[in-house]
Amino acid sequence: MRPALRYIISVGVGLAVTALAVAFATADHLIMLSLLPLYGAVTSMMLAHKQQWVSLSRGSPTRSTRKRGAIIGGLGAFTGSLLLQASVPAGFAGYGLMLLGMAGAIADLDQASSTDQATTID
């Protein structure tokens with residue numbers, strides 16, 4: 001995907017999430033300001049490493065992989081729901097930070113695998 005298109009989509013997603021937070025919340029203005037760059041960066045990283053996201057979700061998971069995914073998903077859902085009860089922007093920020101961590105890990109994994117392939121070819 002072309003970088004310009006990826007950035008346009010990322011800004012659009014960031015604006016949409018921020019607009020949702022503004023529509024449902026009357027306080028936490030500083031947190032609302034953080035949502036645009038947070039979701040913009042997450043979306044851009046997800047689009048840049050889209051193939052790695054797809055390949056990881058289509059692999060054959062082992063028992064430990066499924067257990068780790070269930071623990072992470074359960075804790076993320078529990079914490080996110082509590083944050084949403086406290087404040088809509090805080091809940092959106094919590095989910096965004098969880099996605100940012102996942103996107104960063106997948107980007108590192110993608111970078112490492114491409115570096116390993118380049119080293120193997122040489």
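Thresholds, definitions, all that
Residues numbered from 1 in each chain as written. Predicted model: local features only at pLDDT ≥ 70, side-chain atom pairs only at ≥ 80, totals over all residues. Heavy atoms only, no water. Domains from an automatic or database assignment. Contact = heavy atoms within 4.5 Å. Buried area = accessible area lost by both parts, 1.4 Å probe. Salt bridge = Lys/Arg side-chain N within 4 Å of Asp/Glu carboxyl O. Polar contact = N/O pair within 3.5 Å; in protein donor to acceptor, adjacent residues only side chain to side chain. Helix = DSSP H or I, 4+ residues; strand = E, 2+ residues; numbered from the N terminus. UniProt positions renumbered as here; feature names shortened; annotations may be inferred. pLDDT = per-residue confidence, 0-100. Expected span 1.5 Å × (residues − 1). Buried < 20%, exposed > 50% of the residue type's maximum accessible area, 1.4 Å probe, protein only. Arc of directions from axis to C-beta.

- An unreviewed UniProt entry lists the protein chain under the name DUF8153 domain-containing protein, from Haloarcula taiwanensis.

## Points about the domain arrangement of the protein chain
Now for step 1: The assigned domain composition of the protein chain is domain 1 (1-59) and domain 2 (61-121).
Now for step 2: Contacts between the two partners involve 20 residues from domain 1, matched on the other side by 20 residues from domain 2.
Now for step 3: Both sides together, the interface formed by domain 1 and domain 2 hides about 1700 Å², and carbon and sulfur atoms give 80% of it.
Now for step 4: Summed over the shared surface of domain 1 and domain 2, the result is 0 salt bridges.
Now for step 5: The interface formed by domain 1 and domain 2 contains 3 residue pairs in polar contact (both at pLDDT 80 or more).
Now for step 6: Where the side of domain 1 that touches domain 2 is concerned, the elements lending two or more residues are helix H1 (3-24), helix H2 (29-48) and helix H3 (50-58).

## Quick notes on the UniProt feature "transmembrane region" (unreviewed entry) in the protein chain
Now for step 1: In this numbering, the UniProt entry assigns the feature "transmembrane region" (unreviewed entry) to residues 7-24, 30-48 and 69-86.
Now for step 2: Between the C-alpha atoms that bound residues 7-24 the distance is 26 Å, and the span itself is 100% helix and 0% strand.
Now for step 3: As annotated, residues 69-86 has a helix share of 100% and a strand share of 0%, and its two end C-alpha atoms lie 26 Å apart.

## Some details on the environment of Ser 34
Now for step 1: Relative to the elements of secondary structure, Ser 34 occurs in helix H2.
Now for step 2: Spatially, the C-alpha atoms of Ser 34 and Pro 89 are 9.1 Å apart, while their sequence positions differ by 55 residues.

## Observations concerning the confidence of the model for the protein chain
Now for step 1: Taken residue by residue, the protein chain gives an average pLDDT of 87. The fraction at 70 or more is 96%.
Now for step 2: By mean pLDDT, the top-scoring element of the protein chain is H1 (93), and the lowest-scoring one is H3 (80).

## Examining the UniProt feature "domain: DUF8153" (unreviewed entry) in the protein chain
Now for step 1: In this structure's numbering, the residues bearing the UniProt feature "domain: DUF8153" (unreviewed entry) are residues 19-113.
Now for step 2: Between the end C-alpha atoms of residues 19-113 there is a gap of 37 Å, over a span that is 89% helix and 0% strand.

## Some remarks on H1
Now for step 1: Compared with the 32 Å implied by 1.5 Å per residue over 22 residues, the 32 Å span of H1 between its first and last C-alpha is a close match.
Now for step 2: The complete set of buried residues in H1 reads Arg 6, Ser 10, Gly 14, Val 17, Thr 18 and Ala 21. One face of H1 carries all of its buried residues, which in axial projection span an arc of 95°. Residues of H1 that are exposed and point over 90 degrees away from its buried face: Ala 4, Ile 8 and Ala 23.

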